[in-house]
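# Reading the structure
What follows is the residue order along each chain.
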Amino acid sequence: MNKTLEEVNAFLNELDQNGNLSNELEIPVELAIAPAFPFLSIIHSRLHSYPIRLAAQNCHFANNGAYTGEVSASMLHSLGCKYVILGHSERRKYYSESDSEINKKVATVLGQGLFPILCVGETLEERENGDYFNIIQSQLEQGLHGIGFSENMVIAYEPVWAIGTGKNATPEQAQEVHNFIRTILSKMYLGKGNTIPLLYGGSCNPGNARELFSCQDIDGGLIGGASLKVNDFLALAKSF
């Protein structure tokens, strides 16, 4: 929940001044911006000259109906979104989103031809008591319950204890969990799970991104506060 309309336009104007992103990146990489709902349309209208996709931060599990204040996957599809972030730790914590509710959202998003970015991750207590593998496996299995393999799936590992705290998971810690996630997905989808992109999202910034992204099972990043400044956004994009 960042930036006013004026600040969004300032960000996009500064991005314009940096020229064509596709010519600056060292290797091909897909970028997506997930703004607050009010700015999806304006950002979509200005992304046409850049290799940047549009993502939403959440959606409802129904495609329409009497759900005042909610936004549906069909609405997001009509706005040109490609990705929808689901099950983010802040949604789980502040809005008590359950795995079963997130599961319905994943099914709805896939049904609209969009790419769900399903977030999983453990709290500091769960990390310290050694229960984090069980927590992550449960979130994966329940979040994807009854959902067949899809090439549109994306999984993001976000250690809750490393989000906005300044504490960073080491590359070794991040790689360990990403490898575990890949193993679970491979078992769930009979080997096809190896093709599902895995993103890391836990206080990733221009200073540690290159080391994290060089890990074997980390395919990209789900970046929060570190992406709010254009220079940092571009530095992260060039970290692959």
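Overview of the structure. Because the structure is a prediction, the values reported are computed rather than measured.

## Looking at the sheet that holds strand E7 (residues 220-221)
Ordered in space as E1-E2-E3-E4-E5-E6-E7, the 7 strands form an open sheet in which the pairing is parallel. Only two strands of the sheet have a single partner each, and these edge strands are strand E1 (31-33) and E7. Strands strand E4 (115-120), strand E5 (154-157) and strand E6 (198-200) of the sheet are contacted by helix H9 (residues 171-188), whose axis makes an angle of about 155 degrees with E6.

## Looking at the packing of aromatic side chains
Under the defined criterion, the tally for this structure stands at 8 aromatic pairs. Every member of this aromatic cluster is reached through a ring pair, and the members are Tyr132, Phe133 and Phe180. The positively charged end of lysine 82 is found above the aromatic ring belonging to phenylalanine 115, 4.8 Å away from the centroid. Above the face of the tyrosine 95 ring, arginine 91 is positioned so that its terminal group lies 4.2 Å from the ring centre.

## Observations regarding the side chain of histidine 178
For histidine 178, the location among the structural elements is in helix H9. Histidine 178 gets classed as buried once you look at its relative accessible area, which sits at 0%. Sequence-distant contacts of histidine 178, that is, excluding residues within four places in its chain, are made with Tyr157, Leu198, Leu199, Tyr200, Asp217 and Ile218.

## Some points on the nonpolar core
In this structure, Leu76, Ile155, Ile181, Leu185 and Tyr200 are the most contacted members of the largest nonpolar core, which totals 62 residues. For this core, the leading source of residues is H9, giving 6 residues. Ranked by size, the runner-up nonpolar core spans 10 residues in total, among them Phe115, Ile117, Cys119 and Leu222.

## Brief notes about the layout of surface pockets
Estimated volume of the second largest pocket: approximately 250 Å³. Around the second largest pocket, the lining is made up of 15 residues, and of these Ser89, Glu90, Lys93, Thr123 and Val160 lie nearest the centre. Sorting the residues of the lining of the second largest pocket by element identifies helix H5 (89-94) and E4 as the ones contributing at least two each. Element by element, the count of residues in the lining of the second largest pocket is highest for H5, at 5 residues. Class assignment of the residues belonging to the lining of the second largest pocket gives a composition of 5 nonpolar, 5 polar and 5 charged.

## Some points on the state of the cysteines
Summed over all chains, the structure comprises 0 disulfides. Of all cysteine sulfurs in the structure, the one in cysteine 81 sits closest to cysteine 59, which takes part in no disulfide; the separation is 9.8 Å. A relative accessible area of 1% places cysteine 59 in the buried class. In this model cysteine 204 remains outside any disulfide bridge; the closest cysteine sulfur is found in cysteine 215, 10 Å from its own.

## Comments concerning the environment of leucine 76
Looking at the secondary structure, you find leucine 76 in helix H4 (residues 73-78). Judged by its relative accessible area of 0%, leucine 76 is buried. Through-space distance from the C-alpha of leucine 76 to that of asparagine 63 is 10.0 Å; in sequence the pair is 13 residues apart.

About the criteria used
Residues numbered from 1 in each chain as written. Predicted model: local features only at pLDDT ≥ 70, side-chain atom pairs only at ≥ 80, totals over all residues. Heavy atoms only, no water. Pairing = 2+ DSSP bridges. Helix = DSSP H or I, 4+ residues; strand = E, 2+ residues; numbered from the N terminus. Contact = heavy atoms within 4.5 Å. Axes fitted to C-alpha atoms, helices over the stretch in contact; angles between N-to-C directions. Phe/Tyr/Trp six-rings, centres within 6.5 Å; stacked < 30°, edge-to-face > 60°. Lys NZ or Arg CZ within 6 Å of the ring centre and 35° of its normal. Buried < 20%, exposed > 50% of the residue type's maximum accessible area, 1.4 Å probe, protein only. Core = buried A, V, L, I, M, F, W, Y, C linked by side-chain atoms within 4.5 Å. 1 Å grid on protein atoms, 1.4 Å probe; cavity = no way out; pocket = protein on both sides within 12 Å on 5 of 7 lines; lining within 4 Å. Points joined across faces, edges and corners; volume = space filled by probe spheres on them. Nonpolar A, V, L, I, M, F, W, Y, C, P; charged D, E, K, R; others polar. Disulfide = S-S within 2.5 Å.

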